[in-house]
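Okay, here's what each chain looks like letter by letter:
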Amino acid sequence: EIMPSLVGSEMCIRADQAEEEASKAKEVSEAKDKAKQSLENAENIDSEQKASFEKKIEDAETIDQLLEIESNIKLSDDKAQQEKIAQELANSKQILEEKLEDTVLAPEQKDAFKDRILNAEKQAELEAIQIEIDQTDEIVKKEKELEENKKLLRENLNSQENLRPD
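Everything numeric in this text was worked out from a predicted model, so none of it was measured.

### Describing the overall build of the protein chain
Stage number 1. For the protein chain, the helix and strand inventory stands at five helices and zero strands.
Stage number 2. Listed by position from the N terminus, the elements making up the protein chain come as α-α-α-α-α.
Stage number 3. Taken against the 2.2 N^0.38 rule, which gives 15 Å for 166 residues, the C-alpha radius of gyration of the protein chain at 36 Å runs more than 25% over that of a compact globule.
Stage number 4. Seen along its three principal axes, the alpha-carbon backbone of the protein chain occupies a region of about 150 × 20 × 20 Å.

Written out as structure tokens, the structure is:
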């Protein structure tokens with residue numbers, strides 16, 4: 001009589017264990033889906049890194065492993081984004097320095113702008129410097145044009161003085 005109740009309770013325990021394992025499997029599956037979504041949303045990770053993360057997600061067996069993978073995806077994405085921003089800034093600095101060389105500014109003015117370009121930390125700073133370079137260049141061009149016109153006017157007046165009968 002004791003035996004049938006032991007068998008019955010053992011079956012209950014096994015059923016509970018099976019239910020618990022199914023529940024854990026479902027949780028791990030949901031965590032994998034969440035990690036896959038995080039990977040899909042990571043816009044700055046290259047295809048090689050994505051493939052590596054996909055394999056890690058598939059191989060993961062616990063929620064803790066998947067949470068760590070998700071954290072690493074976020075870190076990698078953030079790092080890649082920072083590298084992209086830094087590269088864009090470096091490219092913008094180079095382009096602005098090249099544009100600076102095409103201006104009529106004096107060497108000391110160019111050097112001052114080059115220092116500011118070099119020390120700029122954000123794209124917006126470079127855009128403000130670009131505007132200032134353009135405005136300064138325009139002013140210098142107008143000043144040179146004005147000086148040239150004054151010189152021509154003086155030359156014209158001097159030549160007319162020589163033509164006047166005394």
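### Thoughts on the pattern of salt bridges
Stage number 1. Inspection of every chain in the model, using the stated rule, returns 11 salt bridges.
Stage number 2. Between Asp-78 and Lys-74 there is a salt bridge, with its nearest N and O atoms 3.2 Å apart. Of this pair, Asp-78 and Lys-74 both sit in helix 3 (residues 63–101), four residues apart, which is roughly one turn of the helix.
Stage number 3. Judged by its relative accessible area of 51%, Lys-74 is exposed.
Stage number 4. Note that Glu-101 and Lys-114 form a salt bridge whose closest N and O atoms lie 2.9 Å from each other. Remark: Lys-114 occurs in helix 4 (residues 107–119) and Glu-101 occurs in helix 3; sequence separation between them is 13 residues.

How each quantity is defined
- Residues numbered from 1 in each chain as written.
- Predicted model: local features only at pLDDT ≥ 70, side-chain atom pairs only at ≥ 80, totals over all residues.
- Heavy atoms only, no water.
- Helix = DSSP H or I, 4+ residues; strand = E, 2+ residues; numbered from the N terminus.
- Rg over C-alpha atoms; globule rule 2.2 N^0.38 Å.
- Salt bridge = Lys/Arg side-chain N within 4 Å of Asp/Glu carboxyl O.
- Buried < 20%, exposed > 50% of the residue type's maximum accessible area, 1.4 Å probe, protein only.

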